[in-house]
Amino acid sequence: MKIIILGAGQVGASLADNLAGEQNDVTVVDTDDALLNELRDRLDLRIVHGHASFPQVLRDAGGNDADMLIAVTESDEVNMVACRIAANLFNTPTKIARVRADEYLRKGDDLFSHGGFPMEMHISPAQLVTDSIRRLIEYPGALQVVDFAEGRVRLIGLRAYYGGPLVGRQLKQLPEHLPGIDARVAAIYRRGRPLLPEGDTIIEAEDEVFFISDVTVAPKIMAELRRVDRPVRRIMLAGGGNIGLKLAQAMEGHAQVKIIERDRARARMLSERLDRAIVLCGDAADEDMLTEENIEDMDVFCAITNDDEANILSAMLAKRLGAHKALSLINRLSYIDLVEGGIIDIAISPQQATVSAVLAHVRRGDVARVHSLRRGAAEAIEAVAHGDRDNSRVVGRRLDEIDLPPGTTIGAVVRGNEVIIAHRDVVIEGGDHVVLFIVDRKHTRAVEELFNVPPTFL
């Protein structure tokens, strides 16, 4: 695909890294020469210096024949106008914009229709991160939780603990522990290296295990792999920005929420917008303040300011003072490997959430959803099977007949409202949604090819 990325910041760079590495023709536009040159030196792509919403700049970037435009500059207005220009002047087939301000996202205003700012998708990073944290709070002990098939199928990554009922046992013994409950272990990472699961694979303590199941039975399967964490009743949020506000609004009806905001005017606004949450004006890295607010009683501490270093330090301090679990929002991917799994339990990357949202539009074939996992090294995708046995390499075939690329596992098949966990004798039918885990992202293209059918069929 010929793709134009507007904005060479952290999100734009992450997208360029993902898309240029898959043999797409990528052009990045920005006004910052230093950022552009750093990308050009590192990746195989074109750069254009200029204002992202100027028509001539878009022409110079190849707007006349681009397949996709992704606008992720720091300005919502520039992103929206660029999509409008791409639609009006170049008839670009797919337009995606990052829109962060809630005022543009209000339901009923219908700004993003073809009569307003035409685009196939608008991304709200704050909402994506909020949804991600909510799922992690819903499943205490999980490292990553993602949904497929409109929430009917859930992929959960967790670390197996000493004493878990299934730890030290073979995977084929899972049905003995959970009679009547079906699930599939999609991947295992042992000391950071992927291990393709088989029936005789033995789960070891400290393994990072990804399993796929119907959303209704996921908690019971988690209990087999680790000790059951206590339900989340008390949450402290460090940072009252868009994410902090959204998360407090989402959780204050289910748990006791305290939110710490340094700016007094912002703290006052938060107190007016929230019904039950307690708003504190102060520094989340103030040890005396955390102690006074009983940090040792908190089930979850979330550091979600715009400052990576402040988030890391406040999360480490909260954990040292007794918080049961510490989550930290981290923009720099290089920081995540340094801190996650140590004092800080989970590092959350807004870039990876944004990349996952975009990738479904980039994948060839009919791909309904994509989730980038393990800092972009792995992927889980939901692909739709089309055709019949004569023109498709998957339809009409049992799962054990399908020649999957190395390190690829089929976890579940969704047929209408029915969730079918993948076993060897399951036969894929036309229209099925197939959930796959790909250990190495370099094999994603081969998976896409599996689900492609001749254009004459479509």
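For every chain, the first residue of the written sequence is number 1, and numbering continues from 1 along that sequence. Selection of residues for local features in this predicted model requires a pLDDT of at least 70, selection of side-chain atom pairs for listing and counting requires 80 or more, and totals for whole chains, interfaces and linings are taken over all residues. Only hydrogens and water are set aside when side-chain values are computed; all heavy atoms of the structure are taken into account.

Asker: Pulling in residues and values, what's your account of the overall build of the protein chain?
Answerer: The secondary structure listing takes helices from DSSP runs of H or I that are at least 4 residues long and strands from runs of E that are at least 2 residues long, numbered from the N terminus. Within the protein chain, the regular secondary structure consists of 14 helices and 22 strands. Radius of gyration (C-alpha) of the protein chain: 23 Å, near the 23 Å computed for a compact globule of 458 residues. Dimensions along the principal axes, computed over C-alpha positions, put the protein chain at roughly 65 × 60 × 45 Å. Counting all 458 residues of the protein chain, 54% fall into the buried class. What the globule rule says is 2.2 Å times the number of residues to the power 0.38, and the radius of gyration is computed from C-alpha atoms. For every residue, the accessible area obtained with a 1.4 Å probe (protein chains only) is divided by the maximum for its type, and the residue is called buried under 20%, exposed over 50%, and partly exposed between those limits.

Asker: Could you give an account of the sheet that holds strand 14 (residues 278–281), with specific residues and numbers?
Answerer: Whether two strands pair depends on DSSP finding at least two bridges between them. One open sheet holds the six strands; their spatial order is 14-13-12-15-16-17, and the pairing between them is parallel. Edge strands, defined here as strands with exactly one partner in the open sheet, are strand 14 and strand 17 (346–348). Across the sheet, the mean angle from the axis of one strand to that of its neighbour is 20 degrees, orientation sign disregarded. Note that strand 12 (residues 234–238) and strand 15 (residues 300–303) share four bridges and pair parallel. By the bridge assignment, Ala 238 is partnered in strand 15 with Ala 303. Throughout, a residue-residue contact means that at least one pair of heavy atoms, one from each residue, lies within 4.5 Å. Fitted lines through C-alpha atoms give the axes, limited to the stretch in contact for helices. The angle between two N-to-C directions lies from 0 to 180 degrees. Packing against the sheet, helix 11 (residues 308–320) makes contact with strand 15 and strand 16 (326–329), and its axis sits at approximately 175 degrees to strand 16.

Asker: If you had to explain the nonpolar core to someone new, which residues and values would you point to?
Answerer: Among the buried residues, those of types Ala, Val, Leu, Ile, Met, Phe, Trp, Tyr and Cys that are joined through side-chain atoms within 4.5 Å form a nonpolar core. The biggest cluster of nonpolar side chains holds 50 residues, and the ones touching the most others in it are Ile 133, Ile 156, Phe 211 and Leu 237. Not counting the four nearest positions on each side in its chain, Ile 133 is found in contact with Leu 247, Cys 302, Ile 304, Leu 327 and Ile 348. Ile 3, Ala 20, Ile 123 and Ala 385 belong to the second largest nonpolar core, which has 48 residues in total.

Asker: Can you break down the pattern of salt bridges residue by residue, with the values?
Answerer: Whenever Lys or Arg places a side-chain nitrogen within 4 Å of a carboxyl oxygen from Asp or Glu, that contact is recorded as a salt bridge. By the definition in use, this model includes 22 salt bridges. Residues Arg 98 and Glu 74 are paired through a salt bridge, measuring 3.5 Å at the closest nitrogen-oxygen approach. With Arg 98 in strand 5 (residues 94–98) and Glu 74 in the loop between strand 4 (68–71) and helix 4 (76–90), this residue pair connects regions lying 24 residues apart in the sequence. A salt bridge links Arg 262 to Asp 283, with the nearest nitrogen and oxygen atoms 3.3 Å apart. Placement of Arg 262 in the loop between strand 13 (256–261) and helix 9 (264–273) and of Asp 283 in the loop between strand 14 and helix 10 (287–292) is noted, with a sequence separation of 21 residues between them. For Arg 262, a relative accessible area of 60% puts it in the exposed group. A cluster of three or more residues bridged by salt bridges with shared partners is formed by Arg 389, Arg 398, Asp 400 and Glu 401.

Asker: Account for the packing of aromatic side chains, naming residues and giving values.
Answerer: Pairing of aromatic side chains requires ring centres within 6.5 Å, counting the rings of Phe and Tyr and the six-membered ring of Trp. Pairs whose planes differ by under 30 degrees are stacked, by over 60 edge-to-face, and all others tilted. Summed over all chains, the structure comprises two aromatic pairs. Relative to Phe 437, the ring of Phe 210 lies with its centre 5.2 Å away and its plane at 45 degrees, an arrangement referred to as tilted. On the criterion of sequence distance, the pair formed by Phe 210 in strand 11 (residues 208–214) and Phe 437 in strand 22 (residues 433–438) is long-range, its members being 227 residues apart. In this pair, the class of Phe 210 matches that of Phe 437, namely buried. Ring pairing ties together the aromatic residues Tyr 189, Phe 210 and Phe 437, which thus form one cluster.

Asker: Please give an account of the environment of Arg 191 that cites residues and values.
Answerer: If you trace the backbone, Arg 191 turns up in the loop between strand 9 (183–190) and strand 10 (193–195). For Arg 191, a relative accessible area of 72% translates into the label exposed. Each C-alpha atom of the pair Arg 191 and Pro 231 lies 28 Å from the other, and the pair is 40 residues apart in sequence.

Asker: So, the sheet that holds strand 1 (residues 2–6): which residues are in play, and what are the values?
Answerer: Pairing is parallel in the open sheet, where six strands are placed in the order 3-2-1-4-5-6. Looking at strand neighbours, the two that pair on one side only are strand 3 (46–49) and strand 6 (121–123), the edges of this open sheet. Strand after strand, the sheet turns through a mean of 15 degrees between neighbouring axes, direction not considered. Alignment of strand 1 against strand 2 (residues 25–30), held across five bridges, turns out to be parallel.

Asker: Break down the environment of Val 384 for me, with residues and values.
Answerer: Tracing the backbone shows Val 384 in strand 19 (residues 378–384). Since its relative accessible area comes to 6%, Val 384 is described here as buried. Along the chain, Val 384 and Val 434 lie 50 residues apart, while their C-alpha atoms are 6.2 Å from each other. Ignoring sequence-local partners within four residues, the contact set of Val 384 consists of Asp 366, Ala 368, Gly 431, Asp 432, His 433 and Phe 451.

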